Amino acid sequence: MRPSEGAALARQALAEGDSTLAGSITERLIAEFASYPPARLVRALLAEQANDTDAALDDLRAVTSAEPTNAEARAAQARLFQRRGDTDRARMAARQSVELIPGDPPVLESALEILNVEPASLETSAAVLARVHLNCGWPDLAERHARVAVSESPERVDVRLTLAEALWRLGRLSACEAECRVVADQAEECVRAAVMRAHILSERGRTAEGQELLDRIGRIDPEFREARELLGTLEVHRLVLPGMVEIDLPPELVRQSDGTVEEVAEPSPADGTHPAAPPGADPAPAEAQTIDGPEGQAETPGESAVQDQPSQPVDDFPESEVQRDAAGSVSVTGEEAAVSSGQLRLDKGAGEFDSPHLAKPTADDAVAMASDAAEEGVAPTDEPAAGAAFSTFDWARHLIEQSEWTEAERLLTDIVTANDPDVSRVDGLLLEAVAHLELRGSAWKLLGDHYMQTGRPQAAADAYLRAANVAGRSTE
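Summarised in this report is the structure supplied together with it. Quick caveat: nothing in here was measured; it's all calculated off a predicted structure.

1. Observations regarding the overall build of the chain
From N to C terminus, the chain includes 21 helices and 4 strands. Expressed as a percentage of its 476 residues, the buried residues of the chain come to 48%. Considering only contacts within the chain whose residues lie at least 6 apart along the sequence, 61% involve residues at least 24 apart. Surface exposure of the chain reaches about 22600 Å², of which carbon and sulfur atoms provide 50%.

Encoded structure:
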């Protein structure tokens, strides 16, 4: 399971009022990644519920140090300062949260409540204009307004970071580096500033230093999401993004779809399961492994239990089909499983959908396949073979890894059209896709469509502009 998926489980548990489960998952994430902002934010919200203001503010300081533009963290700070009676700091944090243009209505409402104003009465500040222009892909205008905002509020690290990014996108690397250093003085663990500095070092021929700085980001952002987003906008860069990490949550922390806690027995050779090999160990033999769930379907975070299955490297099975569940476990079955079943299933139980480009066979197709099987002496079967269910997201990644650009683009289009409720998951997949030159234009366009579907028009405008820039360069 990726850390972001674990954090999503914790957020869901918190929203459902299960503070104990949310706290347990959060502590497990923090034990692995002490500065992971999503986990620290959940722990801060739990402390806020428990009226532990000091602990909540400590975690929020860590979150805003890593992510100075986190509007939810600023809104939480505003509520805690108000609870303490520190009205000035509460209003300042609330104003900052509003100017970061939060996409979550409750976050905006809590900030406006502290400011005691209606949204229509808010004045458009230079900080807001700078952020809007940057999101729309106009870094020159963003720089102009960001400099005004910095002169008005030199203590605002989020404004300074906006200025640094505008300079970076304009290619003014020396000026950007100077601003990044100022940001680092105020927010020591700022991921976005560190990514820009790593790129600048590599552009100056100090690639090893830049790579080392980028690698250190992993203790804060283990999935390197900000690095993938920023570096994915570049035509070429010399940095190597580390692989995606995963974390194993204890079985007792994994919830079933009915909200109960699943009791999973320790794996033993007697029941046919094998414990996961330690890092660096040789992989187990490439035998078929099936992830079982209700009616044979894979599980997803927040809907059903994640099974405790051993994880296998995908690259070890070049001849096989691959499935990864919400916990990151890999299911491998031979190609004959899909062939004998007469279909390639996209698992709706896992929150996916049927792709028209990978559709199930028609009745005529099934008859023809049965005839072929009879001629070859293969017994036909009416039921799909175990393990023939595929995660659509990981199938898209598999197509990208195999450089099947046309099919990958079609499947990405299907994913966006389906409007999957897991917004961050779709964001991450599309941001991975823009890192590949062959998909960059279409992936930015799809990302813009996805942003519009999810109520983020400014981000959509930025994505559409990037898609247009890629198309323009391809015709030159």
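2. Considering the packing of helix H5 (residues 71-84) against helix H6 (residues 87-99)
The contact between H5 and H6 brings their axes to 8 Å, and the two run at 160°. In terms of axis orientation, H5 runs roughly antiparallel to H6. Remark: the crossing between H5 and H6 carries left-handed chirality. Residues Ala71, Arg74, Ala75, Gln77, Ala78, Phe81 and Gln82 of H5 lie in contact with H6, whose contacting residues are Arg89, Ala90, Ala93, Ala94, Gln96 and Ser97. Classifying every residue of the contact of H5 with H6 by side-chain character gives 7 nonpolar, 4 polar and 2 charged.

3. Details of the side chain of Glu72
Turning to its location among the elements, Glu72 is positioned in helix H5. Separated by 2.8 Å, the side chains of Glu72 and Arg11 make a polar contact. Not counting the four nearest positions on each side in its chain, Glu72 is found in contact with Arg11, Leu41, Leu45 and Val107.

4. Regarding unusual backbone geometry
In this structure, Asn116 is a non-glycine residue whose phi angle is positive, near 60°. If you trace the backbone, Asn116 turns up in the loop between helix H7 (105-115) and helix H8 (126-135). With relative accessibility at 68%, the residue Asn116 sits in the exposed group.

5. Looking at the side chain of Asn70
Residue placement: Asn70 occurs in the loop between helix H4 (53-66) and H5. One polar contact links the side chain of Asn70 to the main-chain amide nitrogen of Ala73, over a distance of 3.0 Å. Leave out the neighbours within four places in its chain, and Asn70 touches Leu41, Val63 and Leu100.

6. What to know about the pattern of salt bridges
Throughout the structure, instances matching the rule amount to 33 salt bridges. Of the charged contacts, one joins Glu143 and Arg147 as a salt bridge, the two residues approaching to 3.0 Å between their closest N and O atoms. One end of the pair is Glu143 and the other is Arg147, both in helix H9 (residues 139-152) and 4 residues apart, which spans about a single turn. The buried category is assigned to Glu143, whose relative accessible area is 11%. Residue Arg147 is classed as partly exposed on the basis of its relative accessible area of 37%. Put simply, Arg206 and Glu209 hold a salt bridge, and the shortest N to O gap is 2.8 Å. A network of salt bridges, in which partner residues are shared, links Glu165, Arg169, Arg192, Glu226 and Glu229.

7. Quick notes on the packing of H5 against H7
The contact between H5 and H7 brings their axes to 9 Å, and the two run at 35°. In this structure, H5 meets H7 at a crossing whose hand is left-handed. For the pair formed by H5 and H7, the contact residues are Ala71, Glu72, Ala75, Ala78, Arg79 and Gln82 on the first element and Val107, Ser110 and Ile114 on the second. Split into classes, the residues belonging to the contact of H5 with H7 amount to 5 nonpolar, 2 polar and 2 charged.

8. Thoughts on the nonpolar core
Core analysis: the biggest nonpolar cluster contains 40 residues, and Leu14, Ile25, Leu29, Leu41, Leu60 and Ala94 have the highest contact counts within it. Elements with a contribution of two residues or more to this core: helix H1 (3-15), helix H2 (19-32), helix H3 (37-49), H4, H5, H6 and H7. Not counting the four nearest positions on each side in its chain, Leu14 is found in contact with Ala22, Val42, Leu45, Leu46 and Gln49. Formed by 37 residues, the second largest nonpolar core is a distinct cluster that contains Ala146, Leu161, Leu167 and Leu213.

9. Observations regarding H6
Under the 1.5 Å per step criterion, the end-to-end length of H6 is 18 Å for 13 residues, consistent within 8% with the ideal 18 Å. Turning to H6, the residues buried within the fold contact H5, H7, H8 and helix H10 (157-169). Looking one or two residues beyond H6, the residue adopting positive phi is Ile101, at roughly 55°.

10. Details of the packing of aromatic side chains
Enumeration according to the criterion identifies 1 aromatic pair in this entry. Directly above the aromatic system of Phe393 lies the positively charged group of Arg425, at a separation of 4.1 Å from the ring centroid. The lysine or arginine in question, Arg466, covers the ring of Trp444, its NZ or CZ lying 5.2 Å from the ring centre.

What counts, and at which threshold
- Residues numbered from 1 in each chain as written.
- Predicted model: local features only at pLDDT ≥ 70, side-chain atom pairs only at ≥ 80, totals over all residues.
- Heavy atoms only, no water.
- Helix = DSSP H or I, 4+ residues; strand = E, 2+ residues; numbered from the N terminus.
- Buried < 20%, exposed > 50% of the residue type's maximum accessible area, 1.4 Å probe, protein only.
- Contact = heavy atoms within 4.5 Å.
- Areas by Shrake-Rupley, 256 points an atom, 1.4 Å probe, with all protein chains shown as cover.
- Axes fitted to C-alpha atoms, helices over the stretch in contact; angles between N-to-C directions.
- Parallel < 35°, antiparallel > 145°, perpendicular 65-115°, else oblique.
- Left-handed = near helix turned anticlockwise from the far one by under 90°.
- Nonpolar A, V, L, I, M, F, W, Y, C, P; charged D, E, K, R; others polar.
- Polar contact = N/O pair within 3.5 Å; in protein donor to acceptor, adjacent residues only side chain to side chain.
- Salt bridge = Lys/Arg side-chain N within 4 Å of Asp/Glu carboxyl O.
- Core = buried A, V, L, I, M, F, W, Y, C linked by side-chain atoms within 4.5 Å.
- Expected span 1.5 Å × (residues − 1).
- Phe/Tyr/Trp six-rings, centres within 6.5 Å; stacked < 30°, edge-to-face > 60°.
- Lys NZ or Arg CZ within 6 Å of the ring centre and 35° of its normal.

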